[in-house]
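Take a look at the letters that make up each chain.
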Amino acid sequence: MDNTEKATEVLAVRDLVVEYSSDGMPVHAVNGVSFDLAAGKTLGLVGETGAGKTTIAKTIMRILPDHAVRKVEGQVLFKGEDIRAISEVVMRKVRGKQISMIFQDPMTALNPVKTVSEQIAESIRLHQGGNKKQAHAKAVEVLEMVGISADRADEYPHQFSGGMKQRVVIAIAIACNPEVLIADEPTTALDVTIQAQVLELIDKIRRELNTALILITHDLGIVAEICDTVAVVYAGQIVETGSKEDIFDRPTHPYTRGLFAALPDMYKDVDRLSPIDGMPPDPTDLPKGCSFNPRCWYAADECKKDAISMTQVGTGHFCRCCRVDRIEV
Amino acid sequence: MLLYIIKRLLLIIPIILAVTIIIFTIMNFVPGDPATISMGGERITPEQLEVLRENMGLNKPFFERLSTYLYNVFFHLDFGVSYTTGSPVGPELLVRFWTTFRIAIAGIILTVLIGVPLGIRAAIRANTVEDRVSMFLTLLGYSMPPFWLALLLVLLFSLTLGWFPSYGSTSFMHYVLPTVCVAIGGIAGLARQTRSSMLEVIRSDYVTTAKSKGLTENKVVYGHALPNALIPIITVIGSQFGRLIGGVVVVESVFSIRGLSVYLLNGINTRDYPVVQGSLIVISFLFAVVMLIADMFYTYSDPRIKARYARIKKSGDKNAKAAG
Amino acid sequence: MQKRRVERIDKSKRPGSLPYIWKKISKNPGAMAGLILLCLFIVMSFVSPYFMKSYSEVDMRDRFATPSWEHPFGCDEIGRDIMSRVFYGARYTLSIGVGAVFLAATVGIFLGAIAGYSGGIVDSVLMRLMDILQSIPGLVSSIAVVTALGPGLINCIIAIGISYMPQFARLIRANILGIRGSEFIEAATIINCSTGRIIFKHLIPNSISPIIVQISLMIAQAGLTASTLSFLGLGVKEPMPEWGSMIAGARNYIRDFPHMVIIPGIFIMLTVLSLNLLGDAIRDALDPKLKD
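Residues numbered from 1 in each chain as written. Chains lettered and ligands numbered in written order. Predicted model: local features only at pLDDT ≥ 70, side-chain atom pairs only at ≥ 80, totals over all residues.

Caption draft 1: Seen up close, the overall build of chain C. Looking only at helices and strands, chain C has 11 helices and 0 strands in total. Overall, chain C shows an N-to-C arrangement of helices and strands of α-α-α-α-α-α-α-α-α-α-α. In chain C, which comprises 292 residues, the proportion classed as buried is 45%. Excluding contacts between residues fewer than 6 apart, the proportion of contacts in chain C whose partners are at least 24 apart in sequence is 68%. (Helix = DSSP H or I, 4+ residues; strand = E, 2+ residues; numbered from the N terminus. Buried ≥ 20, exposed ≤ 12 C-beta atoms within 10 Å, placed from the backbone. Contact = placed C-beta atoms within 7 Å.)

Caption draft 2: Main features of the overall build of chain A. Assigned secondary structure in chain A consists of 11 helices and 12 strands. The C-alpha radius of gyration computed for chain A amounts to 21 Å, which stays within 12% of the reference 20 Å derived for 329 residues, consistent with globular compactness. Principal-axis analysis of the C-alpha atoms gives chain A an extent of 65 × 50 × 45 Å. Partitioning the intrachain contacts of chain A with sequence separation of at least 6 by distance along the chain shows that 64% fall at a separation of at least 24. (Rg over C-alpha atoms; globule rule 2.2 N^0.38 Å.)

Caption draft 3: Fine view of the pairing of strand S7 (residues 180-184) of chain A. All names here are of chain A. The element S7 is extensively covered by neighbouring structure, given that 5 of its 5 residues are classed as buried. Covered by surrounding structure in S7 are Val 180, Ile 182 and Asp 184 together with Leu 181 and Ala 183, the residues of both alternating faces. One ladder, built from 5 bridges, connects S7 with strand S8 (residues 212-217); its direction is parallel. The partner of Ile 182 across the bridge, within S8, is Ile 214. For the handedness criterion, the β-α-β arrangement of S7, helix H8 (residues 192-209) and S8 is classed as right-handed. (Pairing = 2+ DSSP bridges. Right-handed = clockwise from strand over helix to strand, strands pointing away.)

Caption draft 4: Focus on the packing of helix H7 (residues 162-174) of chain A against H8(A). Residue and element names in this part refer to chain A. At a minimum axis distance of 10 Å, the contact between H7 and H8 shows a crossing angle of 15°. One way to sum up the angle between H7 and H8 is to call them roughly parallel. With respect to the hand of their crossing, H7 and H8 are arranged in right-handed fashion. Contacts from Gly 162, Gly 163, Gln 166, Arg 167, Ile 170 and Ile 174 in H7 reach Ile 194, Gln 197, Val 198, Leu 201, Ile 202, Ile 205 and Leu 209 in H8. (Axes fitted to C-alpha atoms, helices over the stretch in contact; angles between N-to-C directions. Parallel < 35°, antiparallel > 145°, perpendicular 65-115°, else oblique. Left-handed = near helix turned anticlockwise from the far one by under 90°.)

Caption draft 5: Examining the interface of chain B and chain A more closely. At the interface, 27 residues of chain B touch 32 residues of chain A. Among the elements that make up the side of chain B that touches chain A, the one with the highest residue count is helix H9 (residues 205-212) of chain B (7 residues). Taken together, the residues of the side of chain B that touches chain A sort by class into 8 nonpolar, 14 polar and 5 charged. (Nonpolar A, V, L, I, M, F, W, Y, C, P; charged D, E, K, R; others polar.)

Caption draft 6: Highlighting the sheet that holds strand S4 (residues 69-78) of chain A. All names here are of chain A. Here we have 4 strands laid out as an open sheet, ordered S2-S1-S4-S5, and antiparallel in their pairing. Single-partner strands in this sheet number two, and they are strand S2 (25-38) and strand S5 (81-82). Sheet topology note: the strand S1 (residues 9-22)/S4 ladder contains 8 bridges and is antiparallel. From the neighbouring strand, Val 18 faces S4, where its bridge partner is Val 72.

Caption draft 7: Layout of unusual backbone geometry. Residue and element names in this part refer to chain A. Backbone geometry places Asp 15, a non-glycine residue, at a positive phi of 50°. If you trace the backbone, Asp 15 turns up in strand S1. According to the C-beta neighbour criterion, Asp 15 is exposed, with 11 such atoms within 10 Å. We note that Lys 79 has phi near 50°; this positive angle belongs to a residue other than glycine. Mapped onto the secondary structure, Lys 79 falls in the loop between S4 and S5.

Caption draft 8: Structural detail: the sheet that holds strand S11 (residues 311-314) of chain A. Residues and elements named next belong to chain A. Ordered in space as S6-S7-S8-S3-S9-S10-S12-S11, the 8 strands form an open sheet in which the pairing is mixed. Looking at the sheet topology across the chains shown, the edges are occupied by strand S6 (99-102) and S11. On average, each strand axis in the sheet is tilted by 20° relative to the strand beside it, whichever way the strands run. Sheet topology places strand S9 (residues 229-234) next to strand S10 (residues 237-243); 6 bridges connect them, and they run antiparallel.

Caption draft 9: View of helix H6 (residues 153-179) of chain C. When the terminal C-alpha atoms of H6(C) are compared, their 38 Å separation across 27 residues agrees well with the 39 Å that a helix rising 1.5 Å per residue should span. C:Tyr164 marks the point of greatest bend in H6(C), at about 35°, and the proline C:Pro166 comes within the next four residues. (Expected span 1.5 Å × (residues − 1). Bend = angle between axes of the 7 residues up to and from the residue.)

Caption draft 10: Fine view of the pairing of S8(A). Residue and element names in this part refer to chain A. Among the 6 residues of S8, 6 are classified as buried, and the element is accordingly described as predominantly covered. A two-sided burial pattern is seen for S8, the buried positions comprising Ala 212, Ile 214 and Ile 216 on one face and Leu 213, Leu 215 and Thr 217 on the other. Relative to S8, strand S3 (residues 42-46) is paired through 5 bridges, and the arrangement is parallel. Within S8, the position partnered with Gly 44 by the bridge is Leu 215.

Caption draft 11: Spotlight on helix H7 (residues 183-190) of chain C. The buried count for H7(C) comes to 0 of 8 residues, which makes it a mostly uncovered element. Remark: C:Asn192 follows H7(C) within two positions and exhibits a positive phi of approximately 75°.

Caption draft 12: Examining the nonpolar core more closely. A:Ile120, A:Ala139, A:Ala171, A:Ile214, B:Ala150 and C:Ile247 are the most contacted members of the largest nonpolar core, which has 246 residues in total. In terms of residues, this core owes the most to one element, helix H3 (residues 82-118) of chain C, which gives 18 residues. Those residues within four positions of A:Ile120 in sequence are excluded, and the remaining contacts are A:Ala139, A:Val142, A:Leu143, A:Ala171, A:Ile172 and A:Ala175. (Core = buried A, V, L, I, M, F, W, Y, C linked by C-beta atoms within 7 Å.)

Caption draft 13: A look at the interface of chain B and chain C. Taken together, the contact between chain B and chain C spans 35 residues of the former and 33 residues of the latter. Sorting the residues of the side of chain B that touches chain C by element identifies helix H1 (2-29), helix H6 (129-143), helix H7 (146-160), helix H8 (172-202), helix H10 (217-254), helix H11 (260-269) and helix H12 (273-301) of chain B as the ones contributing at least two each. The biggest single contributor to the side of chain B that touches chain C is H10(B), with 6 residues.

Caption draft 14: The confidence of the model for chain A, seen in detail. Of all residues in chain A, 97% have pLDDT values of 70 or greater, and the mean over the chain is 85. Note that pLDDT drops below 50 for residues 1-7 of chain A; the model gives that stretch 2 contacts with residues more than four away or on any other chain. (pLDDT = per-residue confidence, 0-100.)

Caption draft 15: Broad picture of the confidence of the model for chain C. All names here are of chain C. Of the residues in chain C, 87% reach a pLDDT of 70 or more, and the chain-wide mean stands at 79. The lowest-confidence element of chain C is helix H8 (residues 195-206), averaging 69 in pLDDT; the highest-confidence one is H3, averaging 87. Among the prediction metrics, the complex's ipTM stands at 0.79, with pTM recorded as 0.74.

Caption draft 16: Molecular detail of the packing of helix H9 (residues 208-231) of chain C against helix H11 (residues 259-286) of chain C. Residues and elements named next belong to chain C. Relative to each other, H9 and H11 sit at 170°, their axes nearing to 8 Å. When the axis of H9 is compared with that of H11, the two are roughly antiparallel. Contact residues: Ser 209, Ile 212, Val 213, Ser 216, Leu 217, Ile 219, Ala 220, Gly 223, Leu 224 and Ser 227 in H9; Ile 268, Thr 271, Val 272, Leu 275, Asn 276, Leu 278, Gly 279, Ile 282, Arg 283 and Leu 286 in H11. When its residues are assigned to classes, the contact of H9 with H11 shows 12 nonpolar, 7 polar and 1 charged.

Caption draft 17: Seen up close, the environment of A:Tyr234. Residue and element names in this part refer to chain A. Take Tyr 234: it is sitting in strand S9. Distance in space between the C-alpha atoms of Tyr 234 and Asn 31 is 9.8 Å, their sequence separation being 203 residues. What Tyr 234 contacts, discounting residues up to four positions off in sequence, is Gly 47, Ala 51, Val 239, Tyr 255, Ser 291 and Phe 292.

Caption draft 18: Layout of the environment of A:Val233. Residues and elements named next belong to chain A. Mapped onto the elements, Val 233 comes out in strand S9. Classification of Val 233 as buried rests on a count of 25 C-beta atoms within 10 Å. With 58 residues separating them along the chain, Val 233 and Ser 291 place their C-alpha atoms 11 Å apart. The contact partners of Val 233, leaving out residues within four places of it in the chain, are Leu 45, Val 46, Gly 47, Ala 51, Gly 52, Lys 53 and Ile 238.

Caption draft 19: Here's a closer look at the environment of B:Ile103. Along the chain, the position of B:Ile103 falls in helix H5 (residues 89-124). B:Ile103 sits 76 residues away from B:Thr179 along the chain, and the two C-alpha atoms are 5.8 Å apart.

Encoded structure:
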């Protein structure tokens, strides 16, 4: 990795491994994840529920539930510095200010006993100083940026609808102009019509503030709309990564291809949809070799032995499959 | 908000009324003739007994006696005259109520001051050795019979060490052991409830949100988690009060304190109905008032509930309707 | 159509069922210790009269004896062997505890179910009655009832049971209000199920989980109340060796012969502790939200 590459990467994750402990059993949530995020760009982290996407996000923010976590390894390089190695005190200056997160369920993400402006102002006062009045004024500004009028600033979360609550969550996240924004399935809990609005809002803000965005989702449609690069996550690993065009026009990994094949095609008339056979693996008991091999129609003996590493299949396009050169694209 | 308080205060009255009626009725049908009792074993001829009964108004029909009693109590605060001592029950109730009240309040304050922080600490350090040990100790305290604990405390601190007196209620020192005794039972229960309430809240999403803002652990726990955890805790304090009163009853008995519950128990043993009735009514009233106070705290701390009763601002009203 | 072998459902995996509860409890060391201790006490309570001195045998030469080989727990103020008294006495605390709670649960569930299902006036009246009952603190109302009925084992059970009843009534009522609008209840009504049947075969079984939790937590509480009542002279009286009344009798001798006070109290504490440990374990098994 030469210095010119490093200069545009605002976030780089290297060989991240996270293991939980549940009822005494080890849960292999994240198994060697690496990706880069360039400044001002959007990375889509795509995968099914339980693939480990949220864990990756929480690991970057260092807000994993300590009591359940057994092992965390790897590096998270923010602007060149490994934020996994810094002290908690220093990390607190990063959280909420330089890297912040939008959470999945707006109904429970807000504190019921504080007004929305208080919750935003708290972040502002913490990272940017100022007295209560100034922070409140700034909070109102941020609220207007996300489309909530000033006269609602002192209301409580329960007085807002789901879509508006999510806007408040977004407001909290962007209040201090972070350089990296992680959005964890920000629209999953919302109605379809509101989804589009919120997504548009996130994209607009990202462009205005030039924030790098990691968008975690299981919805390929959303990825197509606003992402620049895509990483496909399966069983705690990235199985394919590349630009949006690479993934959508030339999907290589059998899992990725399976995902696209499962999408209903508006122009074709079929009797049955074609889902991927089988179920995602149990993270306490992952298959040997490639985690996808039990469901892969293309699997051979070599897929069941050792861990598979990434193969380059194009510029900036990588695939974690040992038989990739024999797959017809 | 004010409306709500007034409404709740007014609600206490019918309940106390109903309690009074029920108690009067029960006492009425219990075997034992009040007139005979009030003679305290002195010999008396049947004619004199009849005259006494007439004087005590015992021959009047039940409903007439009931309404007279209710009228006297609620309009004149006249609780009648004790069968055994002959002196009015009302003033005695007042003095004893004050004694009991002081112990109860001191007990509650001590319980909250120690119990809540203990529970919070246990929740933050959940599943560590410290947590398990303190939870086991509280379980032990919760399982101890309060009268036994009182006697043990007397044995240790009064008889062996001589630090505190073991009976009476005249000085401050006299109140220490009883209060501690009452508090220990309460602390155990409150600490456990605080812990489980905090644990539930700490796992909430909004606590994760708070953490992700970069706030310190203290701020997250005390600024975000605790205000939400307090809501069920306050309800528990309210319901623990019932147990606390039970503790006060026991403590007064063991430490020979001239309080309300001893008055009640003596009244029961000697079938002194005016005393029993009066004490039960006052205790119920005290209980109801404490419940109301707890309820008010609860309403105040949860804006979702406060909103139902507060005056809605004009613009807020419009927007609340629009957002739906 | 292919025939598929129906798998035997592993009952212990079904939450809420008895095998499931057992499996969870057996993993909890505290609960198992408590269970063993309780069984021990119950067994000793029944077996001890056969091989120990009778609990009422008076021997004035042994007054106030301190613990020794012949009398491992010593003797009380009229020479009765404390160990046999203490072992025998377990039956009172346990039977009152269990009896009172089951009485409270049965009557409470009955009333609460009717209130919850009927709504309207019936509901209001029943709930007001519960309010009134609850406005008198538990111990005090038990005292009041025992006064009216007189001392004794059965009356104790009734008194404590009455004071615990409102909690069960409220619990089941809240549960029923929650599921009353459910579709499976609608379905039952449509096929002409009688009200009684709906209440007992559909509503109650679906609300049973929190009730079980409440029951297990309250038995310990009831045991404590029972011994407190006896201590105050209002429950099981002399010469019955109820632990609370044993302590009351020993009160005056505490300075010189503390063993008479300490030993029965330890037994009360151990019994209540065991019941609490079991109750906590059952609650953890049935209410996943409360798991750590």
